Amino acid sequence: MPARKNLLMIWTDEQRADTMACYGNTAIHAPNLNRLADESFVFEHAYCVQPVCTPSRGSIMTGLWPHLHGAWTNNAPLHADARTLGELVAPEYRRAYHGKWHLGDEIVAQHGFDEWVSIEDSAYRPYYTKPEYLEGRSDYHRYLVANGFPPDQKTPDGARCFSRHCAALMAEPFTKAGFLGQRAKAFLEEHDPERPFVLSINFLEPHMPFYGPLNAVHNPDDLPVGPAFTRPPPENASLRNRACAARYSGGFGNLLLRDDDDWRRLRANYHGLVTMVDNAVGVILDALEKSGMADDTIVVFTSDHGDMMGDHAQLAKCVMYEEAIRIPWLIRVPWLAREQTMIPGRVSHIDLLPTLLDLMEQPIPEHLQGLSLKPTLKGDADLSGNDVFVIWRGDELSCADVEVPGAGAAEIAAISEQEWVTLVSHDGWKLNLCTLDPCCELYDLNSDPHELVNRYDEPGQFARIREMTGRIVVWQEQTGSTIPLPKPR
């Protein structure tokens, strides 16, 4: 076996925390993720750094906040000098990246990964940095063509590609999830066990378009929902949240969202996509066990951000509600524990990379902005005093065409320019601050876990807001964040 430990990192796109039994959802069919959780450290309250794809995955890969790794809006590339996991491990590692990248030049091996299996084409072609890349196609595209499927889409530059909608309608073996499961299996089957490896696998699912071959697995009427389901934010919630709810009233794309039944149908589809990922995860975990390398392999499962899925009458991400910023996060470390260990407290993805390097006994560069959680996993520390910070910077969300009572068109149009900082305090209070929104927010997650009552304007909370704002200021000084903050109450 290798002298160094292996890393198998499995992550998804847009998977909220409550999609597994270890986070309270026993209705969803995910036996393989559940068996992984049964053998893992499970972080009870884990958060992304920014609730949208590119910035979040940039931080996962680099251990830096988005304003330092450079990919701080969707489709922005990582800075060339932002070193990733693939560039930080020892040279003897075999380093492979499979799946969605979304950090620039989607189909090209880069940033230390010398093996590359790509699944995305048309969505990211406008962001390629070299004209010759436009001549290429993803490995998934070539797989479908080899199996007799014709591309369904002609892009603006004249290329023939497979749209995400076409891929979502495939039978399960030909979906992106099915393809990645088989490619990871092949990697593990042919890998030399004497050489250490890093294999990162990123699934697109359960990301939109929110349908697939397993739509019928879950009965919409049996799905667990909470008190925020399809309930619009109150008048004193942020304008951003109220506009987002208005944005999705009636539908999204070709999906009708008129009432609870429509939202339940959508959530059932979403759960079906999680089940499809789970099936692929089962293929991968079985291959790892058969390879004989499982005892020397760290297995991580997480997602880049969550999804609202009808809560607060919203869809997708880009807001600071718990459903959008909380994610599943499991780490199986066979030589530390072989049964489920729940880790209470709050933790951020900014700590993921230093934790993995530490577990692999690799040097942790001083420039990383997170901390290793290895002492917590070993029981030598805890997260009881840990604060989590989440940011929003970017123009991903436009609500210019919606109407919100009491808000002018200019205010609503400015939502895409808003910058937010959220502090989820170790004691369960959550503060959302923005200078451009007429309503900031304060929630007591202890008594109000579904964030139904905004307490920001209560005079009895002004001292708390000032104290929490002060902690945000300290964090900004430490990390170089320049997001403006409103004056303390």
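Please read these numbers as outputs of a predicted model, since none were measured by experiment. (Residues numbered from 1 in each chain as written. Predicted model: local features only at pLDDT ≥ 70, side-chain atom pairs only at ≥ 80, totals over all residues. Heavy atoms only, no water.)

S.K.: What exactly am I supposed to notice about the overall build of the protein here?
M.R.: Regarding its fold elements, the protein presents 14 helices and 17 strands. Relative to the globule expectation of 23 Å for 489 residues, the C-alpha radius of gyration of the protein, 22 Å, shows essentially globular dimensions. Dimensions of the protein along its principal axes, counting C-alpha atoms only, are 65 × 55 × 45 Å. In the protein, which comprises 489 residues, the proportion classed as buried is 61%. In the protein, of all internal contacts separated by at least 6 residues, the share reaching a separation of at least 24 is 71%. Split by element, the accessible area of the protein, about 18,100 Å² in all, is 50% carbon and sulfur. (Helix = DSSP H or I, 4+ residues; strand = E, 2+ residues; numbered from the N terminus. Rg over C-alpha atoms; globule rule 2.2 N^0.38 Å. Buried < 20%, exposed > 50% of the residue type's maximum accessible area, 1.4 Å probe, protein only. Contact = heavy atoms within 4.5 Å. Areas by Shrake-Rupley, 256 points an atom, 1.4 Å probe, with all protein chains shown as cover.)

S.K.: What is the right way to read the packing of helix α5 (residues 139-146) against helix α7 (residues 176-190) from this model?
M.R.: Helix packing for two helices is described by the angle between their axes and how far apart those axes are. For the pair α5 and α7, interaxial distance at closest approach is 11 Å and the crossing angle is 100°. Here α5 lies roughly perpendicular to α7, going by the angle between them. Residues Asp139, Tyr140 and Tyr143 of α5 touch α7, and the partners they reach there are Lys176, Phe179 and Arg183. Split by residue class, the contact of α5 with α7 holds three nonpolar, no polar and three charged. (Axes fitted to C-alpha atoms, helices over the stretch in contact; angles between N-to-C directions. Parallel < 35°, antiparallel > 145°, perpendicular 65-115°, else oblique. Nonpolar A, V, L, I, M, F, W, Y, C, P; charged D, E, K, R; others polar.)

S.K.: I'm lost on a negative patch on the surface in this one. Help?
M.R.: Together, Asp221, Asp222, Asp259, Asp260 and Asp261 make up a region of like negative charge exposed at the surface. Topologically, Asp261 is positioned in helix α9 (residues 260-291). (Patch = residues over 30% accessible without salt bridge, like charges linked within 9 Å, V, L, I, M, F, W, Y side chains within 5 Å. Salt bridge = Lys/Arg side-chain N within 4 Å of Asp/Glu carboxyl O. Lys, Arg positive; Asp, Glu negative; His and termini not counted. Charge placed at Lys NZ, Arg CZ, Asp CG, Glu CD.)

S.K.: Sorry if this is basic, but what is going on with the nonpolar core here?
M.R.: By size, the foremost hydrophobic cluster in this structure holds 46 residues, and its most contacted members are Leu8, Ile201, Phe203 and Leu330. The residues touching Leu8, leaving out its near neighbours within four places in the chain, are Phe197, Leu199, Ile201, Ile284, Leu288, Thr297, Ile298, Val299 and Val300. Core analysis: the second largest hydrophobic core is formed by 41 residues, Phe41, Trp101, Ile298 and Leu357 among them. (Core = buried A, V, L, I, M, F, W, Y, C linked by side-chain atoms within 4.5 Å.)

S.K.: Looking at this model, I keep getting lost on helix α2 (residues 53-62). Mind explaining?
M.R.: Spacing of three or four residues puts side chains on the same side of an α-helix, whose turn is 3.6 residues. Among the 10 residues that make up α2, 10 are buried, leaving the element largely enclosed by the rest of the structure. Among the residues of α2, Cys53, Thr54, Pro55, Ser56, Arg57, Gly58, Ser59, Ile60, Met61 and Thr62 are the ones counted as buried. Looking one or two places after α2, you find Gly63, whose phi comes out positive at around 70°.

S.K.: What is the right way to read the packing of aromatic side chains from this model?
M.R.: The way to describe two aromatic rings as a pair is by their centre distance and the angle between their planes. In total, this model carries 17 aromatic pairs according to the counting rule given. Measuring from centroid to centroid gives 5.9 Å for Tyr248 and Phe252, while their planes differ by 65°, and the two rings are edge-to-face. The class of Phe252 is partly exposed, set by a relative accessible area of 24%. Within the aromatic cluster, the residues linked to one another by ring pairs are Tyr140, Tyr143, Phe149, Phe174 and Phe179. Taking NZ or CZ as reference, Arg464 lies 3.7 Å from the ring centre of Trp429, over its face. (Phe/Tyr/Trp six-rings, centres within 6.5 Å; stacked < 30°, edge-to-face > 60°. Lys NZ or Arg CZ within 6 Å of the ring centre and 35° of its normal.)

S.K.: Help me out: how do you make sense of the pairing of strand β10 (residues 297-303) in this one?
M.R.: The side chains of a regular strand alternate, residue by residue, between the two faces of the sheet. Within β10, seven of the seven residues are buried, which leaves it mostly tucked inside the rest of the structure. The alternating pattern of β10 places Thr297, Val299, Phe301 and Ser303 on one face and Ile298, Val300 and Thr302 on the opposite face, and all of these are buried. Pairing analysis gives four bridges linking β10 to strand β12 (residues 329-332), with the strands arranged antiparallel. Paired with Val300 across the two strands is Ile331, which belongs to β12. (Pairing = 2+ DSSP bridges.)

S.K.: Could you clarify how one ought to interpret the sheet that holds strand β16 (residues 429-433) in this entry?
M.R.: Within a beta sheet, neighbouring strands are joined by backbone hydrogen bonds and run either parallel or antiparallel to one another. In spatial order, the strands read β14-β15-β16-β17; together these four strands make up an open sheet with antiparallel pairing. Unpaired on one side and paired on the other, β14 (388-393) and β17 (441-444) mark the two borders of the sheet. The mean angle between the axes of side-by-side strands here comes to 10°, regardless of whether they run parallel or antiparallel. Sheet topology places β14 next to strand β15 (residues 419-424); six bridges connect them, and they run antiparallel. Across the sheet, the residue bridging to Trp392 is Trp420, located in β15.

S.K.: Could you clarify how one ought to interpret the environment of Ser291 in this entry?
M.R.: Along the polypeptide, Ser291 turns up in helix α9. According to the relative accessible area criterion, Ser291 is partly exposed, its value standing at 24%. Along the primary structure Ser291 and Glu190 are separated by 101 residues, whereas in three dimensions their C-alpha atoms are 8.8 Å apart. A polar atom in the side chain of Ser291 sits 2.6 Å from the backbone oxygen of Leu288. (Polar contact = N/O pair within 3.5 Å; in protein donor to acceptor, adjacent residues only side chain to side chain.)

S.K.: Can you walk me through unusual backbone geometry in this structure?
M.R.: The bulk of non-glycine residues show a negative phi, and the bulk of peptide bonds are trans. In this structure, Pro206 follows Glu205 across a cis peptide bond, with omega equal to 5°. By the secondary structure assignment, Pro206 is in the loop between β7 (197-202) and α8 (239-247). Positive phi, close to 65°, is recorded for Phe210, a residue that is not glycine. You can see Phe210 is positioned in the loop between β7 and α8. Judged by its relative accessible area of 0%, Phe210 is buried. With a phi close to 45°, Met309 is a non-glycine residue in the positive phi region. Topologically, Met309 is positioned in the loop between β10 and α10 (322-325).

S.K.: Can you walk me through helix α11 (residues 352-359) in this structure?
M.R.: A large share of α11 lies buried, amounting to seven of its eight residues. Residues Leu352, Leu353, Pro354, Thr355, Leu356, Leu357 and Leu359 constitute the buried set of α11. Glu361 lies just past α11 and shows a positive phi near 60°.

S.K.: What is the right way to look at the pattern of salt bridges in this model?
M.R.: Close approach of charged atoms allows side chains of opposite charge to pair. The tally for this structure, following the rule as stated, stands at 28 salt bridges. Between Arg332 and Glu39 there is a salt bridge, and its shortest N-O distance comes to 2.7 Å. A residue pair is termed long-range when its members are at least 10 positions apart, and Arg332 in strand β12 and Glu39 in the loop between α1 (31-37) and β2 (41-47) qualify at 293 residues. Among the salt bridges present, the one from Glu322 reaches Lys430, with a minimum N-O distance of 2.9 Å.

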